[in-house]
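Structural features, examined
Listed here are the chains, written in short residue letters.
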Amino acid sequence: MASAKPNKQNPGLSTRAIHHGESFAANTGTVMPPIFPSVTYQHGNPEGFDYTRSGNPNFRILESVLSSIEDCNYATVFASGVSAITAVTSCLKAGELVLCEENLYGCTVRLFEQVFNRFGIKTAWVDFTDPSALARIKSHNPAMVWLESPTNPMLKVIDLKAVCGSASLHNIPVVVDNTFATPLLQSPLELGATISLTSTTKYINGHSDALGGSVCTNSSEWNSRMIFAQKSLGLQPSPFDCWLITRGIKTLPLRLEKQVNNAKDFADQLAKHKAVKWVRYPFRSDHPQQAIARKQMKGGGAIVTASIQGDKDQIYSFCKSLRYFTMAESLGGIESLVCHPATMTHASLDPSMRSRLGIDDGLVRFSIGCEDVVDLTADINNSLDQLQ
Ligand SMILES: *Cc1c(COP(=O)(O)O)cnc(C)c1O
């Protein structure tokens, strides 16, 4: 039986994804973990549970698998990716500043600018793919650096080791939102980050049927802060969602392998169509940070972004006309999705910021699923032909 504390040397990732977190109710012989819906626990029980807002067996099971696949000391689970971001940011004080990569997930930007700014937490936005940004980190006097890589939706790849190295010279904690890469393709903590944050809603769960977030760290201080934030701010997930995500993780290595292979083929096929201006995929030779991507990632991920010729209405009907890609927010599930960032995920951004990032009406983001890739490319080509 697997122990709650992962053995860091072995076994392999797929084995850990399947076998960790089985230690509750083991005396019943259950092969899969049960769901613990109880909100309250008898005082003084050996596992130390009291009230579900501050901990539950299903949280512990999920946290144990997450810390195992992330190869770290601590994981804390939250109700969503945004809850995890709230938990981390709530540790800052009024007057402190978060130095952010300028291309972050739209709801992260909204949370910083429209919520935390009101509490006096400041933000500054820089392009971390610009090498001169590293030397200037200190000049902003940040309390924290916040990155995503690859970024959403532009798929910029940031040299995590370089940024973490520069920030650590000044003891500035670095948070990496690792949602797009997952711990299977990229290990932010190994590259020097203080926190690896994930929306487990996406690849980790993989079935678009549960919301969740997690914070992984090797710092006991940050771990205590996350446990405190989980119960004090009411950011805890539901036991059922934790159970679903625990189930989802078991097939993460299988799903991701298929999705990454599909995405690679899909990107190459897409680039051949004459209605496509450019395609962005981290492992393609025309990606501006391809070398860094290959250095820090084990695969290019399963998101493909492209610029397509046509006005807003044409692009919109293109997205709607696809058969196997549902036009929807979110990503990372077994089913393929298409998203128009300018009017969907990044609609809340200031228009000037949107245009600086290149999020224009022609930009389309594809989340590649586990379907047969020939069907996906045929679907796209068919709709692109009609666009002409
Ligand atoms: C979806 C997403 C989030 C937010 O996660 P939720 O689970 O939807 O709250 C944060 N970061 C990135 C990169 C995301 O894609």
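Conventions we followed
Residues numbered from 1 in each chain as written. Predicted model: local features only at pLDDT ≥ 70, side-chain atom pairs only at ≥ 80, totals over all residues. Heavy atoms only, no water. Helix = DSSP H or I, 4+ residues; strand = E, 2+ residues; numbered from the N terminus. Rg over C-alpha atoms; globule rule 2.2 N^0.38 Å. Buried < 20%, exposed > 50% of the residue type's maximum accessible area, 1.4 Å probe, protein only. Contact = heavy atoms within 4.5 Å. Areas by Shrake-Rupley, 256 points an atom, 1.4 Å probe, with all protein chains shown as cover. Lys, Arg positive; Asp, Glu negative; His and termini not counted. Charge placed at Lys NZ, Arg CZ, Asp CG, Glu CD. Phe/Tyr/Trp six-rings, centres within 6.5 Å; stacked < 30°, edge-to-face > 60°. Lys NZ or Arg CZ within 6 Å of the ring centre and 35° of its normal. Axes fitted to C-alpha atoms, helices over the stretch in contact; angles between N-to-C directions. Parallel < 35°, antiparallel > 145°, perpendicular 65-115°, else oblique. Left-handed = near helix turned anticlockwise from the far one by under 90°. Nonpolar A, V, L, I, M, F, W, Y, C, P; charged D, E, K, R; others polar. Domains from an automatic or database assignment. Buried area = accessible area lost by both parts, 1.4 Å probe. Salt bridge = Lys/Arg side-chain N within 4 Å of Asp/Glu carboxyl O. Near = heavy atom within 4 Å. Polar contact = N/O pair within 3.5 Å; in protein donor to acceptor, adjacent residues only side chain to side chain. Core = buried A, V, L, I, M, F, W, Y, C linked by side-chain atoms within 4.5 Å.

Things to note about the overall build of the protein
Helix and strand counts for the protein stand at 14 helices and twelve strands. Relative to the 2.2 N^0.38 estimate, which gives 21 Å for 388 residues, the radius of gyration of the protein is 21 Å and therefore close to what a compact globule would have. For the protein, the spread of C-alpha atoms along the principal axes amounts to about 70 × 50 × 35 Å. Sorting the 388 residues of the protein into buried and exposed places 56% on the buried side. In the protein, the share of contacts with a sequence separation of at least 24, taken over all contacts with a separation of at least 6, comes to 71%. Total accessible area on the protein is roughly 16,100 Å²; 52% of this is exposed by carbon and sulfur atoms. The averaged location of the 35 negative side-chain charges in the protein is 4 Å from the averaged location of its 35 positive side-chain charges.

Remarks on the packing of aromatic side chains
Two measures describe an aromatic ring pair: the distance that separates the ring centres and the angle between the ring planes. For the structure on display, the rule yields six aromatic pairs. Ring geometry for Phe-112 versus Trp-146: centroids 5.1 Å apart, planes at 85°, classification edge-to-face. Of this pair, Phe-112 sits in helix α4 (residues 106–115) while Trp-146 sits in strand β4 (residues 144–148); the two residues are 34 residues apart in sequence, bridging distant segments of the chain. Grouping residues by exposure puts Phe-112 and Trp-146 together as buried. Ring geometry for Phe-325 versus Phe-366: centroids 5.6 Å apart, planes at 75°, classification edge-to-face. On the criterion of sequence distance, the pair formed by Phe-325 in the loop between α12 (312–321) and β10 (326–327) and Phe-366 in strand β12 (residues 363–367) is long-range, its members being 41 residues apart. Given the relative accessible area of 2%, Phe-325 is considered buried. Through a chain of ring-to-ring contacts, three or more aromatic side chains come together here, namely Phe-266, Phe-325 and Phe-366. Lying across the ring of Tyr-105, Lys-202 places its NZ or CZ 5.1 Å from the centre. For the cation-ring pair, Arg-280 lies above Trp-278, with the distance from its terminal atom to the ring centre recorded as 4.8 Å.

A closer look at the packing of α12 against helix α14 (residues 373–387)
Taken N-terminus to C-terminus, the directions of α12 and α14 make an angle of 150°; their axes are 9 Å apart at the nearest point. Considered as vectors, α12 and α14 are oriented roughly antiparallel to each other. The hand of the α12/α14 crossing is right-handed. Touching Gln-314, Phe-318 and Ser-321 of α12 are Ile-380, Ser-383, Leu-384 and Leu-387, all from α14. Grouping the constituent residues of the contact of α12 with α14 by class yields four nonpolar, three polar and no charged.

Considering the domain arrangement of the protein
Each assigned domain of the protein is listed with its residue range as follows: domain 1 (10–249) and domain 2 (253–387). The C-alpha centroid of domain 2 is placed 25 Å from the C-alpha centroid of domain 1. Across the boundary between the two partners, domain 1 contributes 41 residues, which contact 41 residues of domain 2. With both chains or domains summed, domain 1 and domain 2 bury close to 3,300 Å², and 61% of this area falls on carbon and sulfur atoms. Contact with domain 2 buries surface across domain 1, with Met-154, Leu-185 and Tyr-203 losing the most and accounting together for 23% of the total.

Considerations on the pattern of salt bridges
All told, the structure shown has eight salt bridges when counted by the stated rule. A salt bridge links Lys-295 to Asp-159; the shortest N-O distance between them is 3.5 Å. With Lys-295 in helix α11 (residues 290–296) and Asp-159 in the loop between β4 and α6 (160–168), the pair connects residues that are 136 residues apart, well separated along the chain. According to the relative accessible area criterion, Lys-295 is exposed, its value standing at 59%. Between Arg-284 and Asp-268 there is a salt bridge whose closest N-O contact spans 2.7 Å. Taken together, the residues span a long stretch of sequence, with Arg-284 in the loop between β8 (276–280) and α11 and Asp-268 in helix α10 (residues 252–271) at a distance of 16 residues. Counted as one network, the salt bridges with shared partners bring together Glu-101, Glu-102, Asp-127, Lys-156 and Arg-356.

Here's the deal with the site of the ligand
Within the structure, the ligand sits among 13 residues, and Gly-81, Asp-177, Ser-199, Thr-201 and Lys-202 are positioned closest to it. Interatomic distance of 2.8 Å between a side-chain N/O atom of Ser-199 and an oxygen atom of the ligand. Considered on its own, the ligand offers 380 Å² of accessible surface; in the complex 94% of this is hidden by protein.

Topic: the nonpolar core
Phe-266, Leu-270, Val-304, Ile-308, Phe-318 and Phe-366 are the most contacted members of the largest nonpolar core, which has 61 residues in total. Here the element with the most residues in this core is α10; it accounts for seven residues. Shared between two domains, this core holds at least three residues of each, these being domain 1 (10–249) and domain 2 (253–387). Contact partners of Phe-318, with chain neighbours within four places excluded, come to Ile-308, Val-364, Phe-366, Ile-380, Ser-383, Leu-384 and Leu-387. Counting 32 residues, the second-largest nonpolar core is a separate cluster that includes Val-98, Val-215, Trp-222 and Leu-363.

Concerning helix α3 (residues 81–89)
The buried count for α3 comes to eight of nine residues, which makes it a mostly enclosed element. Two to three positions downstream of the cap, the backbone nitrogen of Val-82 sits 3.4 Å from a side-chain oxygen, assigning the N-cap of α3 to Ser-80.

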